[in-house]
Amino acid sequence: MSTDVLPPVAPEVLAGAVESLSARLRKKLDAAIEGCAAGAVPAADGSFEVRFGEDAVVTLRPGPSGAVVDAGQAVCTCLLAPRCLHRAAVLGAAPIADPEVLGAPDGPEAAGASGDADALGAPGQPPGDGPAWPDGVPAGKGGAGRGPAAPGPGAGAVAAEDPAPALTAAQTRAAAALWAAAAEALSAGVTAGGAVLQAELLRAAHTARLAGLPRAEAAALRVVRGLRSAREHGRGQRLGDLTSAFRELLSEAAVLVSGAAGSGAASSRRPYGQGGSLRVYGLCREPVLSATGYGGVSTHLVAPDGSCFTVSDVRPGGLARARGAGSASVALGGAVLDHGGLARGGLRIVGATVSPDGRLGAGRGVAATPLRGVDWSDEPAAALFARPVREAMAAVLDADGPGAEGSGAPLLGCDVVVVGAVGEYLVVRVAGDGPSLRLRPAHPHPELPHSANLRRIARYPGLELRVLGRPDPERAATLRPLAVGPVPGSSRTLRLPEEWLGRADLGYDLLQGGHFPSGTAPGGSYEPVAAGPDPLADAPLWRVRRLLETGVAGGRRAVAEAGRGTETAAFAVPLRRAGLGGAARLAEVLAAEADRRPRDAFGRLSDPSADGYARAWLASAVHLAAAERALVVASWS
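Caption draft 1: Highlighting the overall build of the chain. A count of helical and extended segments in the chain gives 19 helices and 15 strands. When the 637 residues of the chain are sorted by exposure, 53% land in the buried category. Partitioning the contacts of the chain with sequence separation of at least 6, the portion at a separation of at least 24 is 68%. By element, 53% of the accessible surface of the chain is carried by carbon and sulfur atoms, the whole surface being about 26800 Å².

Caption draft 2: Broad picture of unusual backbone geometry. Of note, the bond from Ala81 into Pro82 is cis; its omega dihedral lies within 30 degrees of zero at 5°. By the element assignment, Pro82 lies in the loop between β4 (74-76) and α4 (85-93). The omega torsion across Glu379 and Pro380 is 5°, close enough to zero to call that bond cis. Note that Pro380 resides in the loop between β9 (367-371) and α12 (383-386). In the Ramachandran plot, Ala477 falls in the positive-phi region, its phi being about 45° despite a non-glycine side chain. Residue position: Ala477 is located in the loop between β13 (464-471) and β14 (478-485). The class of Ala477 is buried, set by a relative accessible area of 3%.

Caption draft 3: Local environment of the environment of Leu426. Relative to the helices and strands, Leu426 resides in strand β11 (residues 425-430). As a C-alpha pair, Leu426 and Arg438 span 12 residues in sequence and 5.6 Å in three-dimensional space. The contacts of Leu426, once residues within four sequence positions are left out, are Val418, Gly420, Ala421, Leu437, Arg438, Leu439, Leu454, Ile457 and Ala458.

Caption draft 4: How the structure looks around the pairing of β14. Judged by how many residues are buried, β14 sits mostly within the fold: eight of eight residues are covered. Linking β13 to β14, which pair antiparallel, is a turn of six residues; within it Ala477 sits at a positive phi near 45°. Pairing of β14 with strand β15 (residues 504-505), which is carried by two bridges, proceeds in the antiparallel orientation. Looking at the pairing, Val484 lines up with Ala504 of β15.

Caption draft 5: How the structure looks around the pairing of strand β10 (residues 412-422). Burial analysis of β10 places nine of its 11 residues in the buried class, the great majority of the element. Of the strand pairs in this sheet, β10 and β13 are connected by six bridges, and their pairing is antiparallel. Bridging across to β13, Val416 finds its partner in Leu465. Two elements, β10 and β11, share six bridges in a ladder whose sense is antiparallel. Opposite Val416, over in β11, you have Val430 as the bridge partner. Linking two consecutive strands that pair antiparallel, namely β10 and β11, is a turn of two residues; a positive phi of about 65° is found at Gly423 within it.

Caption draft 6: Structural view of the sheet that holds strand β1 (residues 40-42). An order of β1-β2-β3-β4 is seen for the four strands of this open sheet, with the pairing classed as antiparallel. Every other strand in the sheet has two partners, leaving β1 and β4 as the edge strands with one partner each. Direction aside, neighbouring strands of the sheet carry axes that sit 20° apart on average. As paired elements, β1 and strand β2 (residues 48-52) share three bridges and run antiparallel to each other. Each residue of the ladder has a partner; that of Pro42, found in β2, is Phe48. Taken strand by strand, α4 contacts β2, β3 (56-60) and β4, and its axis lies near 40° from that of β3.

Caption draft 7: Layout of the packing of helix α16 (residues 542-562) against helix α19 (residues 611-635). Running from N to C, α16 and α19 point in directions that differ by 165°, and their axes come no closer than 10 Å. Between α16 and α19, the angle is such that the two are roughly antiparallel. In the crossing of α16 with α19, the sense of the turn from one axis to the other is left-handed. Every residue of α19 that contacts α16 at Val544, Arg545, Leu548, Gly551, Val552, Gly555, Arg556 and Val559 is listed here: Tyr613, Trp617, Ser620, Ala621, Leu624 and Glu628. Here the residues of the contact of α16 with α19 sort into eight nonpolar, three polar and three charged.

Caption draft 8: Representation of the nonpolar core. Residues Leu6, Leu29, Leu60, Leu201, Phe246 and Trp617 are the most contacted members of the largest nonpolar core, which totals 96 residues. Here the element with the most residues in this core is helix α6 (residues 169-192); it accounts for 11 residues. Sequence-distant contacts of Leu201, that is, excluding residues within four places in its chain, are made with Leu178, Ala181, Ala182, Ala185, Ala220, Val223, Val224, Leu227 and Leu249. Listed in part, the 34 residues of the second largest apolar core include Val430, Leu463, Ala477 and Leu479.

Caption draft 9: Molecular detail of the packing of aromatic side chains. Tallying each qualifying case throughout the model produces two aromatic pairs. Aromatic side chains Trp376 and Phe385 sit 5.2 Å apart centroid to centroid with 35° between the ring planes, which places their arrangement in the tilted category. Phe385 matches Trp376 in its accessibility class, with the two residues each being buried. Seen in terms of ring centroids, Tyr460 and Phe516 are 4.1 Å apart; in terms of plane orientation they differ by 5°. Their pairing is stacked. One end of the pair, Tyr460, is in the loop between α14 (450-458) and β13; the other, Phe516, is in the loop between β15 and α15 (535-538), with 56 residues separating them in the sequence. No difference in accessibility class separates Tyr460 from Phe516, as the two residues are buried. We note Arg466 situated over the ring of Phe385; from NZ or CZ to the ring centre the distance is 4.8 Å.

Quick notes on the rules
- Residues numbered from 1 in each chain as written.
- Predicted model: local features only at pLDDT ≥ 70, side-chain atom pairs only at ≥ 80, totals over all residues.
- Heavy atoms only, no water.
- Helix = DSSP H or I, 4+ residues; strand = E, 2+ residues; numbered from the N terminus.
- Buried < 20%, exposed > 50% of the residue type's maximum accessible area, 1.4 Å probe, protein only.
- Contact = heavy atoms within 4.5 Å.
- Areas by Shrake-Rupley, 256 points an atom, 1.4 Å probe, with all protein chains shown as cover.
- Pairing = 2+ DSSP bridges.
- Axes fitted to C-alpha atoms, helices over the stretch in contact; angles between N-to-C directions.
- Parallel < 35°, antiparallel > 145°, perpendicular 65-115°, else oblique.
- Left-handed = near helix turned anticlockwise from the far one by under 90°.
- Nonpolar A, V, L, I, M, F, W, Y, C, P; charged D, E, K, R; others polar.
- Core = buried A, V, L, I, M, F, W, Y, C linked by side-chain atoms within 4.5 Å.
- Phe/Tyr/Trp six-rings, centres within 6.5 Å; stacked < 30°, edge-to-face > 60°.
- Lys NZ or Arg CZ within 6 Å of the ring centre and 35° of its normal.

In structure tokens form, the structure reads like this:
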């Protein structure tokens, strides 16, 4: 079912419509939602109509933001309106609005997390002009993770972090409600996670938003969107992604319920602070393409002190926007540069505004003048390639560890020698007796040149490259390259045009035969390429992952069935033989808790709560994430 026709709906509007239904109508809601979006007819005044028979017509009238943010903007002509099945079904078929579209919540509770009214400004941008960054579209990553490394020392006031404030009573109550809703959703699984259960999660998410817990709200919305996509058999939905979303939501709620003050109470709206005067130099540009229809570009920059920044331009538009934004003008302080020029140039910025994750803002007081770019072999870019790859990767994984808010995996640079292609990835060896790495496309979309460039490079075994990319923390020894360049002093390296300034952006520049060293031909008399050991794939942790994903797909009952009889020993024994006794014990506890359904003398459940099951599932999921991360670290040695 496509929801692209209908306008987005605020979570509280949908939750209110579902809660107003009678128990009899709630049972029919999932069936009524099917086909609603396909029957939507847009009107000339910007409204949308969905007809149910001859007597019932539901009309959605989005507000100025383009979303339905008030219950009065959704009306039905039937006699039961507004507590009718038709209205709830149409709202349930519409996409969920992003928090940025809804704006900042009103009331004192909204600022309870920060105690600062500035935190309630426009999402993703400083006061003044500048593009907002939609939630769920990570900076510098085509649909997954977040942006660049947070600024290091010398980035100005934004580099300092204030102590986390204590949680208020309202925030603790909101977190408890969110935990209860998430636990029930996990216990039901995708098969039983229909519109009614999703509405409970949306209500809890709205409560968290009002209490000043935007990270918890965003985690809940990711779970709801994942449940919808999984139930609709969406092509872009992976069960592993929904499993990770549940883990993040439950982890966030559990920490907040405990009353601990942490990053969950911090604003997710990325408030910008004053960074003073900056000199930044371009590293590369990266297309951004999300599954929610956003597209654009993120240009990576580095300062003389090694701090990393980005200038991003992401808006609705999808693939066409991502491809065209690479040559779009940079909206920053009146700079007369496009993103292609900035990636190979630089800027001197006066009155810079910088978000905590290193994103440069375009406020009214910002002024920028172009600078001449630097080659990768010159400072400050050269420092990215001077650090040993093992040491750099350990720092990356530490910064992006489970539960860390971090800004995502920083860029990692290294010199490599091409070995050849194995399946869908390119095998290279780090120069100087370094480890073997797998290079995978930063974005696999066939209309973007990432994959084509890697396939062409794979035809030149022995080619020496300087690679700048983002490590993949979920795969063993895997790097997703954003740009490549020649190795200084090497004769078997790239020959790039002078105007490219010694680098090729793999998401925008297409490598040709003339860019490779003269006198060499594609292919070569090299031995067959071996994939090499993969400690993550070889470990029996996949059994735990399958058990957790079984719970997400089929709910508590599916986990109970998977752990009965000899099935428990089937996944526990291999884990203990591999020295993973902790994973085996937690998996056994999860299976036992899933099957624990105590009943009284009349056969009624004496403990119907899903709290214990959710805690057992979360413990196993967090342990699995930590174990897999440890294996990824080992693969870079």
